[in-house]
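Take a look at the letters that make up each chain.
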Amino acid sequence: MNLTLRPAARTDLLVRCAIGTVIAAQAVVTVLSLTFSREVNPIRDPVSDYALHRASRAWFALAVLLALAGAGALALAARVVAMPVSAGAAVLFGLWAIALVTVLVFRGNASAAEATVHGEVHRVAGAVLFGTLPSASVSLSRQLLVHCGWERASVRVRTGAVIGLVTAFLFGAAQFVPALPQGLLERIALLAELAILVTVARAIQGAAK
């Protein structure tokens with residue numbers, strides 16, 4: 001008996017895995033925001049501060065790993081359907097994944113007054129994280145627009161990219177305007193990032209039908 005899945009079935013399975021793991025990652029972040037609100041203020045404090053507390057550290061790592069797993073499944077699905085991804089978009093997606101790993105490995109500073117090497121690496125990786133995925137999606141949407149059969153997917157990806165860019169800009173502004181709710185804006189930007197992955201997954205799923 002041949003147990004090898006056909007390309008369409010394989011794509012559907014990978015897309016479902018990608019969407020499921022991305023939603024699970026967001027669910028973990030939401031639970032952390034509700035459960036550990038005394039330790040980490042969800043309005044003021046960054047998401048990575050969960051890594052500074054023993055009780056929430058493993059859950060933060062789980063959220064990051066789930067996001068990476070979803071991105072990995074998405075990359076495989078894109079390859080199965082021969083999604084036209086430009087070299088620039090591929091590099092940006094790769095940088096996003098590297099930044100996500102870096103954020104996990106290098107913890108942030110315990111306070112704004114305490115500058116450490118690992119904290120500064122974490123801060124730079126965070127900036128790359130929120131800048132590369134929306135930019136990669138913009139590049140991808142342009143590439144899809146000029147390929148027959150991918151025009152509708154291009155619209156979906158571009159919509160997610162625009163939302164990601166706007167939320168990333170607002171979170172970036174909070175780094176320079178202390179009055180802005182940095183923690184809340186980061187959580188919104190993170191939600192937009194994960195939504196981009198779901199949008200790309202849905203675009204792949206639609207093109208594979």
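Structure: above.
These numbers come from a predicted model, not from an experiment.

Colleague: Looking at this model, I keep getting lost on the packing of helix α2 (residues 54-80) against helix α3 (residues 87-105). Mind explaining?
Modeller: Describing two packed helices takes the angle between their axes plus the distance from one axis to the other. For the pair α2 and α3, interaxial distance at closest approach is 10 Å and the crossing angle is 165°. Here α3 runs roughly antiparallel to α2, going by the angle between their axes. As α2 packs across α3, the resulting crossing turns out to be left-handed. Here α2 contributes F60, A61, V64, L65, A67, L68 and A71 to the contact with α3, which in turn contributes W96, A97, L100, V101, V103 and L104. Looking at side-chain class alone, the contact of α2 with α3 contains 13 nonpolar, no polar and no charged residues.

Colleague: Would you mind showing me how to read the nonpolar core here?
Modeller: Taken as a class, soluble globular proteins show a tendency for nonpolar side chains to be buried jointly. Counting 52 residues, the largest nonpolar core has M83, V200 and I204 as the members making the most contacts within it. Listed by contribution, the elements that provide at least two residues to this core are α1 (7-35), α2, α3, α4 (117-145), α5 (151-174) and α6 (182-208). When neighbours within four sequence positions are excluded, M83 is seen to be in contact with A78, L140, L144, W150, V200 and I204.

Colleague: For this particular structure, what's the right way to read the environment of D45?
Modeller: Along the chain, the position of D45 falls in the loop between α1 and α2. Residue classification places D45 among the buried positions, given a relative accessible area of 14%. Expressed as a C-alpha distance, the spacing of D45 and I188, which sit 143 residues apart in the sequence, is 13 Å. Those residues in contact with D45 that lie beyond four places of it in its chain are E39, V40, G183 and R187.

Colleague: When you look at the packing of α4 against α5 in this model, what are you seeing that I'm missing?
Modeller: Relative orientation of the contacting elements α4 and α5 amounts to 155°, with a least axis distance of 8 Å. Classified by the angle their axes make, α4 and α5 are roughly antiparallel. Both α4 and α5 take part in a crossing whose hand is left-handed. Contact residues: α4 offers F130, P134, S135, S137, V138, L140, S141, L144 and L145, while α5 offers E151, A153, S154, V157, R158, A161, G164, L165, A168 and F171. Partitioning the contact of α4 with α5 into residue classes produces twelve nonpolar, five polar and two charged.

Colleague: What am I meant to see in unusual backbone geometry here?
Modeller: Working note: non-glycine residues mostly have negative phi, and peptide bonds are mostly trans. Unusually for a residue other than glycine, A82 sits at a positive phi of about 55°. Take A82: it is sitting in the loop between α2 and α3.

Colleague: Hey, could you run me through the side chain of S56 in this one?
Modeller: If you trace the backbone, S56 turns up in helix α2. S56 gets classed as buried once you look at its relative accessible area, which sits at 1%. Setting aside chain neighbours within four positions, we find S56 in contact with L32, F36 and Y50.

Colleague: Hey, could you run me through the side chain of S154 in this one?
Modeller: In this structure, S154 sits in helix α5. Judged by its relative accessible area of 0%, S154 falls in the buried class. Excluding its chain neighbours within four sequence positions, the residues that come into contact with S154 are S141, L144 and L145.

Rules used throughout
- Residues numbered from 1 in each chain as written.
- Predicted model: local features only at pLDDT ≥ 70, side-chain atom pairs only at ≥ 80, totals over all residues.
- Heavy atoms only, no water.
- Axes fitted to C-alpha atoms, helices over the stretch in contact; angles between N-to-C directions.
- Helix = DSSP H or I, 4+ residues; strand = E, 2+ residues; numbered from the N terminus.
- Parallel < 35°, antiparallel > 145°, perpendicular 65-115°, else oblique.
- Left-handed = near helix turned anticlockwise from the far one by under 90°.
- Contact = heavy atoms within 4.5 Å.
- Nonpolar A, V, L, I, M, F, W, Y, C, P; charged D, E, K, R; others polar.
- Core = buried A, V, L, I, M, F, W, Y, C linked by side-chain atoms within 4.5 Å.
- Buried < 20%, exposed > 50% of the residue type's maximum accessible area, 1.4 Å probe, protein only.

That is the geometry; function is a separate question.
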